[in-house]
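Commentary on secondary and tertiary structure
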Amino acid sequence: VDARWRDVYARHAAPLVDPKGDAPREATPPDPEIRFCANLALAALRDTDALARVIEICHTQWQERAEVVGKVLPAARSQEMASWLMRQMRADDERSRVTGLRLMRSLAPKDYAGAIAIHLDAGEASVKREAINALRAVVDGAPPIETMASFTAIEESKKWKERLK
């Protein structure tokens, strides 16, 4: 992580972590950019409350946040974080599943491929695309395909299903 992130963490997130090891407190600096950075830093420390706040921002600002999320959140990659994130992805909410799958790229260990693959059968093209991108990241360490035609998504989905049998 670059020097800017270390600075943001040191000034805004580190003071929020209880030195006794208790749960981090909420990061609420007044500036929205610093608030996002502080919550992302806390999420990288496996704080699910901070991750919930990061999710809310990523719902509407993914294009602006994707790069930094992809650099910072892998520090929290674990069964615990992936499991928590899966529980946040509501089956009846496309936006929830899309954002969750985007974050799974950074948080899910390889053994979550099966749980991610369930979304390859989604009726919504956006969910199917993000499931493919999550599998690319988690299984192969490959970057996402940000612009994927529906036909390509269908073909990629078939390939992933065959591969994960």
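Residues numbered from 1 in each chain as written. Predicted model: local features only at pLDDT ≥ 70, side-chain atom pairs only at ≥ 80, totals over all residues. Heavy atoms only, no water.

Considerations on the overall build of the protein chain
What the protein chain contains, in helices and strands, is eight helices and zero strands. When its helices and strands are written in sequence order, the protein chain yields α-α-α-α-α-α-α-α. Taking all 165 residues of the protein chain together, 47% fall into the buried category. Intrachain contacts of the protein chain at a sequence separation of at least 6 include 62% that bridge at least 24 residues. Taken as a whole, the protein chain presents about 8,600 Å² of accessible surface, with 52% of it coming from carbon and sulfur. (Helix = DSSP H or I, 4+ residues; strand = E, 2+ residues; numbered from the N terminus. Buried < 20%, exposed > 50% of the residue type's maximum accessible area, 1.4 Å probe, protein only. Contact = heavy atoms within 4.5 Å. Areas by Shrake-Rupley, 256 points an atom, 1.4 Å probe, with all protein chains shown as cover.)

A short note on the nonpolar core
Of all hydrophobic cores here, the largest spans 43 residues; its most connected members are Leu 51 and Ile 116. Elements represented by at least two residues in this core include exactly helix H2 (32-44), helix H3 (48-72), helix H4 (79-88), helix H5 (94-107), helix H6 (113-117), helix H7 (125-140) and helix H8 (150-163). No other element matches H3, which puts nine residues into this core. Setting aside its immediate chain neighbours within four residues, Leu 51 contacts Ala 43, Leu 73, Met 81, Trp 84, Leu 103 and Leu 107. (Core = buried A, V, L, I, M, F, W, Y, C linked by side-chain atoms within 4.5 Å.)

Some thoughts on the side chain of Ser 106
Residue position: Ser 106 is located in helix H5. In this structure Ser 106 comes out as buried when scored by relative accessible area, which is 5%. Look past the residues within four positions of Ser 106 in its chain and what remains in contact with it is Val 69, Gly 70, Leu 73, Pro 74 and Arg 77.

Description of unusual backbone geometry
One non-glycine residue, Arg 46, lies in positive phi territory at about 70°. Within the secondary structure layout, Arg 46 lies in the loop between H2 and H3.

Description of the environment of Ala 38
Mapping Ala 38 onto the fold places it in helix H2. In this structure Ala 38 comes out as buried when scored by relative accessible area, which is 0%. Spatially, the C-alpha atom of Ala 38 lies 8.5 Å from that of Ala 50, the residues being 12 residues apart in sequence.

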